[in-house]
Amino acid sequence: TAGQVIRCKAAVAWESGKPLSMEQVEVAPPQKNEVRIKILFTSLCHTDVYFWDVKGQNPLFPRILGHEAGGIVESVGEGVTDLKQGDHVLPIFTGECKECAHCLSEESNLCNLLRINTDRGEMIHDGKSRFSINGKPIYHFLGTSTFSEYTVVHVGQVAKINPKAPLDKVCVLSCGMSTGFGATVNVAKPKKGQSVAIFGLGAVGLAAAEGARVSGASRIIGVDLNPNRFELAKKFGVTEFVNPKDHNKPVQEVIAEMTGGGVDRSVECTGSVQAMMAAFECVHDGWGVAVLVGVPSKDDAFKTHPVNLLNERTLKGTFFGNYKPRTDIPAVVEKYMNKELELDKFITHTVPFSEINKAFELMLAGEGLRCVIRMGE
């Protein structure tokens, strides 16, 4: 099939909020610095639902969504030297060109060329789509579009991984799990025995809790408005729970009282500016570090008194857990292979590709964490 157009099934979003439609699409061969991948497993992330439902975003349809996935390289385009047919890979929504100032920095993973762009619906190389139906182009999503049996991705957005790693498990590392886990281990960096508060106990928040557990935190305090999440969170090392609705004072004050002045680290995974402010103000003065992960609405702002910073609290932000996709994600897969990181407990449902809309229904109902979709079924 190398060099040829491939006809395959894809789940196409034709308009906002309407069920995806299973279509036969044509997938063009990869062009310069591109890779065509046979997707074997993909999972549904909140970001897919957000752009399918177009809440406050620019609508771009028809579109093939999907960005958490695992697959095998089918063919490579001109100029691709570090990947070949048959390699096992994770396509990733952000990239690493390995040449820009960010990629050459040890501290940043915000690639100038390939950082996330939710508005772009075509490939960087020529501004064209690789997907079409009867000659009409179908837009890409995040440069990945994994709700298709075959997809074309820029080489800088492809992590080559251990071929022995089970793709139906490690596919979740291509977005949410790495984002939460990395926020804790790479950015908050709790020391053994320290306390950590996690705001938001969805999949990303529980991945952050998993990072705290692996780091040897003594207390992991989960904060969420939904008490139904508390039981499941125990599996991820959460030791105590706070529901802000149960208290008549700000949750940061509740946590400060529980911990004798505040937690050592906090990780915010909700996107709520109230939670962001609480996460910052609940860390201990002198050494506390708060890390923001959640994506706010576009006009949001929060305020805190500057003395909270002057009292030696640190506020940090992170994107994709500060992981560089090509350089770092293969090692995160190895952590799973070495049983240092548990992924199976994040996967609460699986469905065949033909029932992909069921995955959307589960997420909209708030059921489970990750639903893995088996392609080819």
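The rules behind each value
- Residues numbered from 1 in each chain as written.
- Predicted model: local features only at pLDDT ≥ 70, side-chain atom pairs only at ≥ 80, totals over all residues.
- Heavy atoms only, no water.
- UniProt positions renumbered as here; feature names shortened; annotations may be inferred.
- Pairing = 2+ DSSP bridges.
- Helix = DSSP H or I, 4+ residues; strand = E, 2+ residues; numbered from the N terminus.
- Axes fitted to C-alpha atoms, helices over the stretch in contact; angles between N-to-C directions.
- Domains from an automatic or database assignment.
- Contact = heavy atoms within 4.5 Å.
- Buried area = accessible area lost by both parts, 1.4 Å probe.
- Salt bridge = Lys/Arg side-chain N within 4 Å of Asp/Glu carboxyl O.
- Patch = residues over 30% accessible without salt bridge, like charges linked within 9 Å, V, L, I, M, F, W, Y side chains within 5 Å.
- Areas by Shrake-Rupley, 256 points an atom, 1.4 Å probe, with all protein chains shown as cover.
- Buried < 20%, exposed > 50% of the residue type's maximum accessible area, 1.4 Å probe, protein only.

Looking at an unreviewed UniProt entry, one finds the protein chain named alcohol dehydrogenase and attributed to Hibiscus cannabinus. On record in UniProt, under Cofactor (unreviewed entry), the comment for the protein chain is "Zn(2+)".

**Student:** Hey, could you run me through the sheet that holds strand β7 (residues 136-138) in this one?
**Tutor:** What links the strands of a sheet is backbone hydrogen bonding, and the strands pair in either a parallel or an antiparallel sense. In spatial order, the strands read β1-β2-β6-β7; together these four strands make up an open sheet with antiparallel pairing. Strand pairing shows two members of the sheet lacking a second neighbour, β1 (6-12) and β7, which therefore form its edges. Here the strands of the sheet are splayed against their neighbours by 50 degrees on average, with no regard to which way each runs. Where β1 meets strand β2 (residues 21-27), seven bridges bridge the pair, whose relative direction is antiparallel. Among the inter-strand pairings, Ile6 is bridged to a residue of β2, identified as Val27.

**Student:** Would you mind showing me how to read the domain arrangement of the protein chain here?
**Tutor:** Often, the extent of an interface is quoted as the loss of accessible area on bringing the components together. As assigned here, the protein chain comprises domain 1 (6-174 + 343-374) and domain 2 (180-318). Counting residues at the interface gives five residues for domain 1 and 10 residues for domain 2. Taken as a group, Lys345, Phe346 and Leu369 account for 76% of the area that domain 1 buries against domain 2, more than any other trio of residues on that side. Inspection of the region where domain 1 meets domain 2 yields one salt bridge. Between Glu210 and Lys345 there is a salt bridge; the shortest N-O distance is 2.8 Å.

**Student:** Help me understand the UniProt feature "domain: Alcohol dehydrogenase-like C-terminal" (unreviewed entry) in the protein chain, please; the structure alone is not making it clear to me.
**Tutor:** The feature "domain: Alcohol dehydrogenase-like C-terminal" (unreviewed entry), as annotated in UniProt, sits at residues 203-334 in this numbering. Secondary structure within residues 203-334 divides into 36% helix and 15% strand; the distance between the first and last C-alpha atoms comes to 20 Å.

**Student:** How should I be thinking about a nonpolar patch on the surface in this particular structure?
**Tutor:** There is a patch of nonpolar side chains on the surface, built from Phe302, Leu309 and Leu315 and spanning about 230 Å² of accessible area. Using a relative accessible area of 45% as the deciding quantity, one classes Leu309 as partly exposed.

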